[in-house]
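Structural overview
Now for the letters of each chain:
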Number of protein chains: 2
Amino acid sequence: MPRVLKKPSSTGCSVERALSLIDGKWKIVILYKLLRGTLRFNELRRLIPGVTQRMLTNQLRELEADGLIVRVVYAQVPPRVEYSLSARGESLEPVLLALKDWGDTNLSSIEAQAA
Amino acid sequence: MPRVLKKPSSTGCSVERALSLIDGKWKIVILYKLLRGTLRFNELRRLIPGVTQRMLTNQLRELEADGLIVRVVYAQVPPRVEYSLSARGESLEPVLLALKDWGDTNLSSIEAQAA
DNA sequence: GCACATAGTGTCTAAAAGGATACCGTGAAG
DNA sequence: CTTCACGGTATCCTTTTAGACACTATGTGC
(Lines give C-alpha, C1' and ligand atoms only; values in the text may rest on other atoms or scores of the structure.)
Protein backbone atom coordinates (compact mmCIF):
# COMPACT_ATOMS: atom_id res chain seq x y z
CA MET A 1 0.00 0.00 0.00
CA PRO A 2 0.67 3.53 -0.06
CA ARG A 3 1.40 3.92 3.48
CA VAL A 4 0.07 6.47 5.68
CA LEU A 5 2.34 8.99 7.32
CA LYS A 6 3.44 7.64 10.62
CA LYS A 7 0.67 8.34 13.11
CA PRO A 8 -1.35 11.13 11.61
CA SER A 9 -3.71 10.02 14.34
CA SER A 10 -6.45 12.57 14.21
CA THR A 11 -7.15 12.15 10.51
CA GLY A 12 -9.69 9.84 9.00
CA CYS A 13 -12.10 7.35 10.44
CA SER A 14 -11.30 4.35 12.56
CA VAL A 15 -11.20 2.05 9.57
CA GLU A 16 -8.65 4.26 7.92
CA ARG A 17 -6.47 4.43 10.99
CA ALA A 18 -6.73 0.72 11.64
CA LEU A 19 -5.47 0.16 8.14
CA SER A 20 -2.34 2.15 8.72
CA LEU A 21 -1.26 -0.41 11.29
CA ILE A 22 -1.56 -3.39 9.04
CA ASP A 23 -0.40 -1.66 5.95
CA GLY A 24 2.63 -3.12 4.30
CA LYS A 25 2.98 -5.86 1.81
CA TRP A 26 3.66 -8.59 4.35
CA LYS A 27 2.21 -7.55 7.67
CA ILE A 28 -1.11 -9.29 7.41
CA VAL A 29 0.50 -12.44 6.16
CA ILE A 30 2.94 -12.37 9.04
CA LEU A 31 0.18 -11.88 11.57
CA TYR A 32 -1.79 -14.65 9.95
CA LYS A 33 1.08 -17.09 10.18
CA LEU A 34 1.63 -16.18 13.80
CA LEU A 35 -2.00 -16.94 14.64
CA ARG A 36 -1.00 -20.57 14.94
CA GLY A 37 1.77 -19.87 17.39
CA THR A 38 5.26 -18.64 17.98
CA LEU A 39 7.69 -18.72 15.09
CA ARG A 40 11.36 -17.99 14.64
CA PHE A 41 12.72 -15.58 12.08
CA ASN A 42 13.76 -18.17 9.56
CA GLU A 43 10.61 -20.16 10.05
CA LEU A 44 8.62 -17.12 9.01
CA ARG A 45 10.92 -16.62 6.08
CA ARG A 46 10.28 -20.13 4.88
CA LEU A 47 6.55 -19.82 5.38
CA ILE A 48 6.36 -16.66 3.33
CA PRO A 49 8.02 -17.32 0.03
CA GLY A 50 9.08 -14.14 -1.67
CA VAL A 51 9.82 -12.06 1.35
CA THR A 52 13.39 -10.88 1.62
CA GLN A 53 15.36 -10.82 4.82
CA ARG A 54 15.33 -7.07 4.89
CA MET A 55 11.61 -6.74 4.33
CA LEU A 56 10.82 -9.35 6.92
CA THR A 57 12.96 -7.54 9.44
CA ASN A 58 11.33 -4.21 8.63
CA GLN A 59 7.81 -5.47 8.86
CA LEU A 60 8.48 -7.32 12.09
CA ARG A 61 10.00 -4.19 13.60
CA GLU A 62 6.98 -2.11 12.65
CA LEU A 63 4.58 -4.68 14.00
CA GLU A 64 6.54 -4.74 17.21
CA ALA A 65 6.55 -0.95 17.42
CA ASP A 66 2.78 -0.95 17.03
CA GLY A 67 2.44 -3.48 19.80
CA LEU A 68 0.97 -6.23 17.68
CA ILE A 69 3.72 -8.77 18.10
CA VAL A 70 6.27 -9.65 20.73
CA ARG A 71 9.91 -10.31 19.99
CA VAL A 72 11.94 -12.42 22.36
CA VAL A 73 15.68 -12.81 21.93
CA TYR A 74 17.53 -15.70 23.52
CA ALA A 75 21.18 -15.01 24.16
CA GLN A 76 22.53 -18.03 22.37
CA VAL A 77 24.77 -18.87 19.53
CA PRO A 78 23.48 -19.30 16.94
CA PRO A 79 20.94 -16.61 17.80
CA ARG A 80 17.40 -17.56 18.58
CA VAL A 81 14.64 -15.00 18.20
CA GLU A 82 11.01 -15.85 18.62
CA TYR A 83 8.03 -13.89 17.41
CA SER A 84 4.52 -14.23 18.69
CA LEU A 85 1.32 -12.25 18.72
CA SER A 86 0.71 -9.88 21.59
CA ALA A 87 -2.76 -9.75 23.12
CA ARG A 88 -3.49 -6.92 20.77
CA GLY A 89 -2.24 -8.91 17.84
CA GLU A 90 -4.47 -11.78 18.82
CA SER A 91 -7.43 -9.46 18.89
CA LEU A 92 -6.98 -9.14 15.14
CA GLU A 93 -7.93 -12.77 14.70
CA PRO A 94 -11.50 -12.07 13.53
CA VAL A 95 -10.19 -9.71 10.88
CA LEU A 96 -7.57 -12.16 9.68
CA LEU A 97 -9.98 -15.05 9.57
CA ALA A 98 -12.65 -13.01 7.81
CA LEU A 99 -10.10 -12.06 5.22
CA LYS A 100 -8.99 -15.62 4.70
CA ASP A 101 -12.55 -16.90 4.40
CA TRP A 102 -13.32 -14.23 1.88
CA GLY A 103 -10.22 -15.06 -0.11
CA ASP A 104 -10.94 -18.75 -0.09
CA THR A 105 -14.47 -18.35 -1.34
CA ASN A 106 -13.97 -15.50 -3.80
CA LEU A 107 -10.51 -15.56 -5.24
CA SER A 108 -10.93 -18.35 -7.69
CA SER A 109 -13.85 -16.69 -9.42
CA ILE A 110 -12.18 -13.30 -9.41
CA GLU A 111 -8.99 -14.60 -10.87
CA ALA A 112 -10.86 -16.60 -13.45
CA GLN A 113 -12.69 -13.44 -14.48
CA ALA A 114 -9.46 -11.50 -14.76
CA ALA A 115 -7.90 -14.09 -17.00
CA MET B 1 1.10 -0.53 -0.10
CA PRO B 2 3.66 -1.62 -2.21
CA ARG B 3 1.29 -2.94 -4.54
CA VAL B 4 1.55 -6.22 -6.00
CA LEU B 5 2.15 -6.60 -9.69
CA LYS B 6 -1.18 -6.89 -11.35
CA LYS B 7 -2.38 -10.45 -10.91
CA PRO B 8 0.64 -12.54 -10.12
CA SER B 9 -2.11 -14.99 -9.29
CA SER B 10 -0.24 -18.13 -8.57
CA THR B 11 1.99 -16.65 -5.89
CA GLY B 12 1.33 -16.63 -2.20
CA CYS B 13 -1.52 -17.84 -0.08
CA SER B 14 -5.13 -16.81 -0.29
CA VAL B 15 -4.70 -14.14 2.35
CA GLU B 16 -1.90 -12.60 0.37
CA ARG B 17 -3.85 -12.60 -2.85
CA ALA B 18 -6.97 -11.27 -1.21
CA LEU B 19 -4.90 -8.39 0.05
CA SER B 20 -3.78 -7.41 -3.40
CA LEU B 21 -7.39 -6.61 -4.27
CA ILE B 22 -7.94 -4.23 -1.41
CA ASP B 23 -4.52 -2.76 -1.53
CA GLY B 24 -4.39 0.95 -2.06
CA LYS B 25 -4.60 3.79 0.33
CA TRP B 26 -8.30 4.39 -0.07
CA LYS B 27 -9.91 1.20 -1.30
CA ILE B 28 -11.08 -0.18 2.00
CA VAL B 29 -12.43 3.16 3.08
CA ILE B 30 -14.33 3.46 -0.18
CA LEU B 31 -15.79 -0.01 0.17
CA TYR B 32 -16.70 0.74 3.74
CA LYS B 33 -18.55 3.92 2.80
CA LEU B 34 -20.41 2.08 0.07
CA LEU B 35 -21.62 -0.55 2.52
CA ARG B 36 -24.42 1.81 3.43
CA GLY B 37 -25.53 2.24 -0.12
CA THR B 38 -24.96 3.87 -3.46
CA LEU B 39 -22.95 7.07 -3.59
CA ARG B 40 -22.03 9.58 -6.24
CA PHE B 41 -18.48 10.61 -7.04
CA ASN B 42 -18.55 13.86 -5.15
CA GLU B 43 -20.40 12.34 -2.25
CA LEU B 44 -17.53 9.91 -1.81
CA ARG B 45 -15.08 12.74 -2.13
CA ARG B 46 -16.76 14.61 0.67
CA LEU B 47 -17.00 11.53 2.86
CA ILE B 48 -13.31 10.83 2.52
CA PRO B 49 -11.44 13.97 3.39
CA GLY B 50 -7.94 13.95 2.05
CA VAL B 51 -8.53 11.98 -1.08
CA THR B 52 -7.78 13.82 -4.28
CA GLN B 53 -9.91 13.62 -7.38
CA ARG B 54 -7.25 11.68 -9.19
CA MET B 55 -6.77 9.13 -6.47
CA LEU B 56 -10.47 8.63 -6.02
CA THR B 57 -10.87 8.03 -9.73
CA ASN B 58 -7.94 5.59 -9.76
CA GLN B 59 -9.12 3.58 -6.83
CA LEU B 60 -12.69 3.42 -8.10
CA ARG B 61 -11.45 2.21 -11.48
CA GLU B 62 -9.37 -0.52 -9.89
CA LEU B 63 -12.21 -1.63 -7.68
CA GLU B 64 -14.44 -1.76 -10.70
CA ALA B 65 -11.87 -3.74 -12.69
CA ASP B 66 -11.68 -6.24 -9.84
CA GLY B 67 -15.44 -6.57 -9.84
CA LEU B 68 -15.96 -5.24 -6.35
CA ILE B 69 -18.02 -2.20 -7.26
CA VAL B 70 -20.41 -1.21 -10.00
CA ARG B 71 -20.26 2.10 -11.82
CA VAL B 72 -23.37 3.46 -13.46
CA VAL B 73 -23.26 6.55 -15.65
CA TYR B 74 -26.40 8.54 -16.35
CA ALA B 75 -26.28 10.53 -19.56
CA GLN B 76 -27.19 13.85 -18.03
CA VAL B 77 -25.75 17.26 -17.65
CA PRO B 78 -24.29 17.81 -15.20
CA PRO B 79 -23.01 14.24 -15.23
CA ARG B 80 -24.33 11.78 -12.71
CA VAL B 81 -22.27 8.72 -11.84
CA GLU B 82 -23.28 6.31 -9.15
CA TYR B 83 -21.10 3.79 -7.41
CA SER B 84 -22.33 0.80 -5.47
CA LEU B 85 -21.01 -2.50 -4.22
CA SER B 86 -21.30 -5.50 -6.46
CA ALA B 87 -22.38 -8.80 -4.93
CA ARG B 88 -18.72 -9.60 -4.55
CA GLY B 89 -18.08 -6.28 -2.90
CA GLU B 90 -20.88 -6.93 -0.47
CA SER B 91 -19.34 -10.25 0.42
CA LEU B 92 -16.50 -8.25 1.94
CA GLU B 93 -18.83 -6.93 4.59
CA PRO B 94 -17.62 -9.28 7.34
CA VAL B 95 -14.05 -8.22 6.69
CA LEU B 96 -14.90 -4.53 6.71
CA LEU B 97 -16.98 -4.79 9.84
CA ALA B 98 -14.36 -6.86 11.64
CA LEU B 99 -11.80 -4.24 10.78
CA LYS B 100 -13.99 -1.42 12.02
CA ASP B 101 -14.80 -3.23 15.25
CA TRP B 102 -11.16 -3.85 15.86
CA GLY B 103 -10.29 -0.25 15.17
CA ASP B 104 -12.99 1.04 17.46
CA THR B 105 -11.90 -1.08 20.37
CA ASN B 106 -8.15 -0.94 19.94
CA LEU B 107 -7.11 2.27 18.30
CA SER B 108 -7.41 4.56 21.27
CA SER B 109 -5.09 2.49 23.40
CA ILE B 110 -2.61 1.99 20.59
CA GLU B 111 -2.48 5.64 19.75
CA ALA B 112 -2.15 6.54 23.40
CA GLN B 113 0.79 4.17 23.67
CA ALA B 114 2.45 5.64 20.63
CA ALA B 115 2.13 9.17 21.94
C1' DG C 1 40.97 -23.98 8.46
C1' DC C 2 36.59 -24.06 6.12
C1' DA C 3 31.93 -23.94 5.64
C1' DC C 4 27.40 -23.59 7.82
C1' DA C 5 23.39 -21.79 10.39
C1' DT C 6 21.02 -17.90 12.72
C1' DA C 7 19.33 -13.31 12.63
C1' DG C 8 20.18 -9.78 11.15
C1' DT C 9 22.37 -4.69 8.85
C1' DG C 10 23.83 -1.43 4.98
C1' DT C 11 23.77 0.47 0.59
C1' DC C 12 22.08 1.20 -3.75
C1' DT C 13 18.55 1.43 -7.10
C1' DA C 14 14.20 0.72 -9.76
C1' DA C 15 9.52 1.01 -9.70
C1' DA C 16 5.28 2.35 -7.98
C1' DA C 17 2.21 5.13 -5.39
C1' DG C 18 0.26 9.20 -4.67
C1' DG C 19 -0.07 14.43 -4.33
C1' DA C 20 -0.47 19.21 -6.74
C1' DT C 21 -2.17 21.65 -10.19
C1' DA C 22 -4.40 22.86 -14.28
C1' DC C 23 -7.71 21.81 -17.60
C1' DC C 24 -12.16 19.88 -20.18
C1' DG C 25 -17.36 19.97 -21.79
C1' DT C 26 -21.98 20.83 -20.94
C1' DG C 27 -26.16 23.04 -19.34
C1' DA C 28 -28.51 25.85 -16.09
C1' DA C 29 -28.51 29.91 -13.08
C1' DG C 30 -27.58 34.74 -12.22
C1' DC D 1 -21.50 37.17 -20.37
C1' DT D 2 -19.80 34.86 -16.49
C1' DT D 3 -19.96 31.51 -13.18
C1' DC D 4 -21.05 27.20 -11.06
C1' DA D 5 -21.51 22.11 -10.48
C1' DC D 6 -20.29 17.52 -12.02
C1' DG D 7 -17.13 13.96 -13.03
C1' DG D 8 -13.60 13.49 -14.54
C1' DT D 9 -8.17 13.90 -17.52
C1' DA D 10 -3.43 15.17 -18.27
C1' DT D 11 0.98 16.26 -16.75
C1' DC D 12 4.48 16.69 -13.57
C1' DC D 13 6.96 15.72 -9.53
C1' DT D 14 8.09 13.76 -4.94
C1' DT D 15 7.89 10.21 -1.73
C1' DT D 16 7.61 5.52 -0.53
C1' DT D 17 8.35 0.85 -1.17
C1' DA D 18 10.76 -2.88 -1.62
C1' DG D 19 13.99 -5.81 -4.23
C1' DA D 20 19.05 -7.26 -5.04
C1' DC D 21 23.21 -8.01 -3.12
C1' DA D 22 26.95 -7.96 -0.03
C1' DC D 23 28.35 -8.13 4.59
C1' DT D 24 28.47 -9.12 9.89
C1' DA D 25 29.23 -12.09 14.49
C1' DT D 26 29.52 -16.30 16.87
C1' DG D 27 29.93 -21.14 17.91
C1' DT D 28 29.78 -25.80 16.08
C1' DG D 29 30.85 -29.63 13.02
C1' DC D 30 33.92 -31.62 9.53
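The shown structure was predicted, so the numbers you read here are calculated from the model rather than taken from an experiment.

**Focus: the interface of chain B and chain A**
Counting from both sides, the interface comprises 44 residues of chain B and, opposite them, 43 residues of chain A. Summed over both partners, the interface of chain B with chain A comes to about 3900 Å²; 71% of that surface belongs to carbon and sulfur atoms. For the pair chain B and chain A, the interface holds 0 salt bridges. Across the chain B-chain A interface, the total number found is 2 residue pairs in polar contact (both at pLDDT 80 or more). Those elements giving two or more residues to the side of chain B that touches chain A turn out to be α1 (14-21), α2 (27-34) and α6 (93-114) of chain B. With 15 residues, the single largest contributor to the side of chain B that touches chain A is α6(B).

**A few points about the relation of the copies chain B and chain A**
Mapping chain B onto chain A calls for a rotation angle of 180° and an axial translation of 0.0 Å; the resulting RMSD is 0.0 Å. Here the copies are linked by what is in effect a two-fold axis. The fraction of interface residues of chain B whose copies in chain A are also interface residues reaches 98%, indicating that both copies meet through the same surface.

**Notes on the UniProt feature "domain: HTH hxlR-type" (unreviewed entry) in chain A**
Look at the UniProt record and you will see "domain: HTH hxlR-type" (unreviewed entry) annotated at residues 13-111 of chain A. Counted over residues 13-111 of chain A, helix gives 60% and strand 14%. Its end C-alpha atoms are 31 Å apart.

**Side note on the side chain of Gln59(B)**
Residue and element names in this part refer to chain B. With respect to the helices, strands and loops of the structure, Gln59 is situated in helix α4 (residues 53-65). Look at Gln59 and you get buried, because its relative accessible area is 5%. When near neighbours in sequence (up to four residues on either side) are disregarded, Gln59 contacts Gly24, Lys25, Trp26, Lys27 and Ile30.

Reading guide: rules and limits
Residues numbered from 1 in each chain as written. Chains lettered and ligands numbered in written order. Predicted model: local features only at pLDDT ≥ 70, side-chain atom pairs only at ≥ 80, totals over all residues. Heavy atoms only, no water. Contact = heavy atoms within 4.5 Å. Buried area = accessible area lost by both parts, 1.4 Å probe. Salt bridge = Lys/Arg side-chain N within 4 Å of Asp/Glu carboxyl O. Polar contact = N/O pair within 3.5 Å; in protein donor to acceptor, adjacent residues only side chain to side chain. Helix = DSSP H or I, 4+ residues; strand = E, 2+ residues; numbered from the N terminus. Least-squares fit on C-alpha atoms with pLDDT ≥ 70 in both. UniProt positions renumbered as here; feature names shortened; annotations may be inferred. Buried < 20%, exposed > 50% of the residue type's maximum accessible area, 1.4 Å probe, protein only.

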